[in-house]
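# Report on the structure
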Amino acid sequence: MLPKQEVVAMLLAGGQGSRLGVLTKNLAKPAVPFGGKYRIIDFPLSNCVNSGIETVGVLTQYQPLELNEYIGSGQPWDLDSMDAGVHVLPPYQKSKGSDWYKGTANAITQNIPFIERYNPDYVVVLSGDHIYKMDYAKMIAFHKEKDAAVTIAVQQVPMAEASRFGILNTNEDDSIYEFDEKPKQPKNDLANMGIYVFTWEKLRKFLLADEEDPGSDNDFGKNVLPAMLNAGEKMFAYRFEGYWKDVGTIDSLWEANMDLLDPNVPLDLGDPDWRIYSRNPVMPPHYIAKGSQVQNSLIAEGCNVYGDLEFSILFAGVYVAPGAEVMSSIIMPGARIEEGAKVQYAIVAEDAVVGAGAVVGMKPEEMEDKDKWGVAVVGPRAHVAPGACVAPQEMLDAEEGVKR
Amino acid sequence: MMRGNDVIGILFAYVHEERVRELTENRVMASIPFGGRYRLVDFALSNLVNSGVNKVGVITEQNYQSLMDHLGSGKSWNLSRKREGLYLLPPFGADTNRTDGLVASLSSIHRFLKNSKEEYVLLSNCDTVSNIDYRDVFRFHTEKNADITVIYRHGTSPDTDRNVVYTVDPEGFVRDMLIKRGSDANCNYGFGKCILRRQMLIDMVEDCMSRNLYDFDRDVLQRNLKDLKVFAYECTSAAYTITSFHSYFEANMALMDPKVRAQLFLPERPVYTKVRDDMPAKYGLGSSVTNSIVADGCIIDGEVENCIIFRGVKVHKGAKLQNCVIMQDCVVGEDCRLDYVVADKNVIFDAGRKMAGYQSYPVYVGKGSRV
């Protein structure tokens, strides 16, 4: 028997993230690079450690190879402890057949034996596609104080945008009386952040009941939470004020990266009291050459910058050749931007090459038809031939050959 | 691999630290910060690890707290292992005085040497920045059937009071060996690295100790030159031995040359160091950086030219830095002007401070000072 852990966190990392297109073709969404040296999953993992949660189960299903390798023993997050730590939990074969994770709730249900090993009082369910810094300990304290069965973190959003979110309709004491998924006529402005604290005993009961229901999609939002509400369980909204962003789309991923360059955005990655841990590349510091211009950018180690940078983020080991211009773009690890190439409002993925004189993306103000504007994406290991052009909104896949 | 695990690396963390008094006031030679994110020991350790050596003893003398803090369990160098790994060998319990010489140091670890099973020992100082594949050296050692193989460079030797200069025949055999003062042009100078059999080392050290001889170069190498097959392996890639404060400064500045970086930082033989979990460096609007090396965690809002900026340094708006080495977590206030300044860790320059040295005489600002 392992020592009791008051709280176990379960991180849902199995989704395909199809809206990220080529970026998640061979990669689980939580492993997508973010912010110059991180991957998305570093945020929930670091939040767990910084909040004092020492046991984390990571539920993987879609393209887990790179994610598994990245998590490894959990040492970069200090999650390699003897009795607790991070555990990767793929679906597995049981004596009575085997199943993929059918839904978010089913993924937890299949791992009840894992959770029970720690005999927890509370289970925190997190998703692997949000960028935020949050002290879960405070939310758990709130949960205890309210003696709730479920506490859901919410963020106030402008009423006009509320119809894009899952809205929680609450009473005056922030207890929840209704779930309203992307309402046409929103009654409230509290958006569900996908961060849940459950009293384990209750969650276990409802998960098992949900499993018995053949008509259920085994999904938290669609099935389990409404069932708990209908049964009259105490459910509370926990208001979180701070930076939080879903990075499930190309646009939001690009925006969240750009937010790091905005001094007015309250997401400080340099805070020594709330570090975001990650696997660190073993590379020398970066070099900025004579004649290059760097303005308002983040640059990771191992980069060699000979060209110009503006409002951009360079991940480890990126090369920007003399005369190349990179503007409002995200260049992922190991990518090369060759001489005279122009990269604007774009995401250039890992180990991609933008050939000499090529043009990727465009400034919105230079577009005739503004509706056609969007972030251009060069997929992992894709090559843009010298002088070629990748249009806004276009997504270049390495397997489709070289872009000419 | 380098004969699997058949080699122990022994690093002398303290040797020659009197040559850079400024930087070793609070630390040993091995833990002198270098190149934006490293300590000198990182190069010595990474060379061993990248050559397949996974048992390393680090001999310290005094002031080694910062080194212990840096090395920890050896995890960052992949040396925190169940089988072998990193051994710190502090002076406690040693019945000899290590300051007497390397022979005394080696004698003080005779138990460590005796209890090891590896056939060979690779001895190395920690005062040189280099990226050497010891597997090549080892192949040379076996091919020549050598008793001892020393590593040397050809060129102008550093200006110290004690250089080891070899006369090497075309086969690599050492015909003569001088220990002399001052710099020579076109010579083959050693930089404190050699390979030999473990048992031979133990025997020679015991023999020297019984005769009150403590000088490794003179009493082990030179004295036995006629009786042993001593060969010399030439290191042709970039290597910088820190022999003075000025040479420390120059070695840092040499990193601006892409050719030097390409020889020191090879993707297949990376230089490992302690992880700090800093965010990537952030350049503000209006910042201007040219020909500089900048590490993670820096926030640059001012102007930086020809500088090495270590991890976590803040350069405020209006500050102008030229030809400086600024070590970790320093803060350079608004409108400062710094030229040829080497600032040790945690130095604070209040707004508007001006300081200048000269290329031949960079100014040093001590650890934790406030200007």
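Cut-offs applied
Residues numbered from 1 in each chain as written. Chains lettered and ligands numbered in written order. Predicted model: local features only at pLDDT ≥ 70, side-chain atom pairs only at ≥ 80, totals over all residues. Heavy atoms only, no water. Helix = DSSP H or I, 4+ residues; strand = E, 2+ residues; numbered from the N terminus. Rg over C-alpha atoms; globule rule 2.2 N^0.38 Å. Buried < 20%, exposed > 50% of the residue type's maximum accessible area, 1.4 Å probe, protein only. Contact = heavy atoms within 4.5 Å. Areas by Shrake-Rupley, 256 points an atom, 1.4 Å probe, with all protein chains shown as cover. Polar contact = N/O pair within 3.5 Å; in protein donor to acceptor, adjacent residues only side chain to side chain. Pairing = 2+ DSSP bridges. Buried area = accessible area lost by both parts, 1.4 Å probe. Salt bridge = Lys/Arg side-chain N within 4 Å of Asp/Glu carboxyl O. Nonpolar A, V, L, I, M, F, W, Y, C, P; charged D, E, K, R; others polar. pLDDT = per-residue confidence, 0-100. Axes fitted to C-alpha atoms, helices over the stretch in contact; angles between N-to-C directions. Parallel < 35°, antiparallel > 145°, perpendicular 65-115°, else oblique. Left-handed = near helix turned anticlockwise from the far one by under 90°. Core = buried A, V, L, I, M, F, W, Y, C linked by side-chain atoms within 4.5 Å. Phe/Tyr/Trp six-rings, centres within 6.5 Å; stacked < 30°, edge-to-face > 60°. Lys NZ or Arg CZ within 6 Å of the ring centre and 35° of its normal.

### Considerations on the overall build of chain B
A tally of regular secondary structure across chain B gives nine helices and 28 strands. Its C-alpha atoms give chain B a radius of gyration of 21 Å, within 12% of the compact-globule value 21 Å for 371 residues. Relative to its full complement of 371 residues, chain B shows a buried share of 60%. The contacts in chain B between residues at least 6 apart in sequence include a share of 59% that link residues at least 24 apart. For chain B, the accessible area works out to roughly 14,700 Å², and carbon and sulfur atoms hold 45% of it.

### Considering the side chain of N169 of chain A
All names here are of chain A. Along the chain, N169 turns up in strand 11 (residues 166-170). Polar contacts involving the side chain of N169 include one to the side chain of E178, which spans 2.8 Å. If sequence neighbours within four positions are ignored, N169 has contacts with S175, I176, Y177, E178, D180, K187 and N188.

### Some details on the environment of E201 of chain A
Structurally, E201 of chain A is set in helix 6 (residues 200-212). E201 of chain A sits 79 residues away from Y122 of chain A along the chain, and the two C-alpha atoms are 8.1 Å apart.

### What to know about the sheet that holds strand 21 (residues 313-314) of chain A
In space, the eleven strands of this open sheet follow the order 33(A)-30(A)-27(A)-24(A)-21(A)-18(A)-14(B)-17(B)-20(B)-23(B)-26(B), with mixed pairing throughout. Taken across any chain shown, the strands that pair with only one partner, and hence form the sheet edges, are strand 33 (395-396) of chain A together with strand 26 (348-349) of chain B. Pairing between strand 23 (residues 331-332) of chain B and strand 26 of chain B: two bridges, direction parallel. Each residue of the ladder has a partner; that of V331 of chain B, found in strand 26 of chain B, is I348 of chain B.

### Some remarks on helix 1 (residues 40-50) of chain B
Residue and element names in this part refer to chain B. Within helix 1, eleven of the eleven residues are buried, which leaves the element mostly enclosed by the surrounding structure. Those residues of helix 1 lying buried are L40, V41, D42, F43, A44, L45, S46, N47, L48, V49 and N50. Residue G52 follows helix 1 closely and has a positive phi angle near 90 degrees.

### Remarks on the interface of chain A and chain B
On the chain B side, the residues contacting the 36 residues of chain A number 33 residues. The junction of chain A with chain B conceals about 2,800 Å² of combined surface from both sides, 52% of it contributed by carbon and sulfur atoms. The closest approach of N and O atoms between R275 of chain A and D278 of chain B, which form a salt bridge, is 3.6 Å. Across the contact surface, chain A and chain B share 21 residue pairs in polar contact (both at pLDDT 80 or more). Elements with a minimum of two residues in the side of chain A that touches chain B: strand 16 (286-288), strand 17 (294-295) and strand 18 (297-299) of chain A. Split by residue class, the side of chain A that touches chain B holds 19 nonpolar, 13 polar and four charged. Both strand 16 of chain A and strand 16 (residues 292-294) of chain B contribute to a ladder of three bridges, which runs antiparallel. Each bridged residue has a counterpart across the sheet, and for I288 of chain A the counterpart in strand 16 of chain B is S292 of chain B.

### Quick notes on the confidence of the model for chain B
Taken over all residues, the pLDDT of chain B has a mean of 91, while the share at 70 or more is 96%. Here the predicted complex scores 0.90 on pTM and 0.88 on ipTM.

### Re the packing of helix 6 (residues 198-210) of chain B against helix 7 (residues 216-224) of chain B
Residue and element names in this part refer to chain B. At their nearest, the axes of helix 6 and helix 7 sit 11 Å apart, and the two run at 110 degrees to each other. Classified by the angle between their axes, helix 6 and helix 7 sit roughly perpendicular to one another. Where helix 6 crosses over helix 7, the handedness of that crossing is right-handed. Counting all contacts with helix 6, which are made through L201, M204, D207 and C208, the residues of helix 7 involved are F216, D219, V220, R223 and N224. Looking at the contact of helix 6 with helix 7 residue by residue, the class counts come to five nonpolar, one polar and three charged.

### What to know about the nonpolar core
If you look at the biggest cluster of nonpolar residues, it comprises 76 residues, and the most contacted ones within it are V56, L126, M134, Y136, I195 and I347 of chain A. At five residues, helix 8 (residues 250-259) of chain A tops the list of elements feeding residues into this core. By size, the runner-up hydrophobic cluster in this structure holds 54 residues, among which are V320 of chain A together with C298, I309 and A343 of chain B.

### Digging into the sheet that holds strand 31 (residues 383-384) of chain A
The eleven strands lie next to each other as 31(A)-28(A)-25(A)-22(A)-19(A)-16(A)-16(B)-19(B)-22(B)-25(B)-28(B), forming an open sheet whose pairing is mixed. Only two strands of the sheet have a single partner each, and these edge strands are strand 31 of chain A together with strand 28 (363-365) of chain B.

### Considering unusual backbone geometry
Residues and elements named next belong to chain B. Backbone geometry places N186, a non-glycine residue, at a positive phi of 50 degrees. Despite not being glycine, D277 has its phi angle at roughly 55 degrees, a positive value. Structurally, the position occupied by D277 is in the loop between helix 9 (258-264) and strand 14 (281-283). Since its relative accessible area comes to 11%, D277 is described here as buried.

### Description of the pairing of strand 8 (residues 122-127) of chain A
Residues and elements named next belong to chain A. Of all six residues making up strand 8, six are buried, and the element is well covered by its neighbours. Taking every second residue as pointing to the same face, both faces of strand 8 are buried, with Y122, V124 and L126 on one and V123, V125 and S127 on the other. Sheet topology places strand 1 (residues 7-12) next to strand 8; six bridges connect them, and they run parallel. If you follow A9 over to strand 8, its bridge partner there is V124. The sheet contact formed by strand 8 and strand 13 (residues 190-199) spans four bridges and is antiparallel. Bridge pairing links V125 to Y196 in strand 13.

### Quick look at the packing of aromatic side chains
Summed over the entire model, instances satisfying the criterion amount to 29 aromatic pairs over all chains. When the centroid spacing of 6.3 Å and the interplanar angle of 40 degrees are considered together, the rings of Y340 of chain B and Y358 of chain B count as tilted. Of this pair, Y340 of chain B sits in the loop between strand 24 (337-339) and strand 25 (341-343) while Y358 of chain B sits in the loop between strand 27 (354-356) and strand 28, and the two are 18 residues apart along the sequence. On the accessibility criterion, Y340 of chain B (15% relative accessible area) is buried. The class for Y358 of chain B is exposed, based on a relative accessible area of 58%. An aromatic cluster is defined as three or more aromatic residues linked by ring pairs; in this entry it consists of F34, Y38, F43, F245, Y248, F265 and Y364 of chain B. Sitting over the face of the ring of Y287 of chain A, R261 of chain B holds its NZ or CZ atom 4.0 Å from the ring centroid.

### Topic: the packing of helix 6 of chain A against helix 7 (residues 220-230) of chain A
Residues and elements named next belong to chain A. Interhelical geometry of helix 6 versus helix 7 gives an angle of 120 degrees and a closest axis separation of 10 Å. Relative to helix 7, the element helix 6 is oriented oblique. Considering how the two elements wind past one another, helix 6 and helix 7 form a crossing that is right-handed. In contact with K202, L203, F206, L207 and D210 of helix 6, helix 7 contributes F220, N223, V224, A227 and M228. Residues of the contact of helix 6 with helix 7, tallied by class, amount to seven nonpolar, one polar and two charged.

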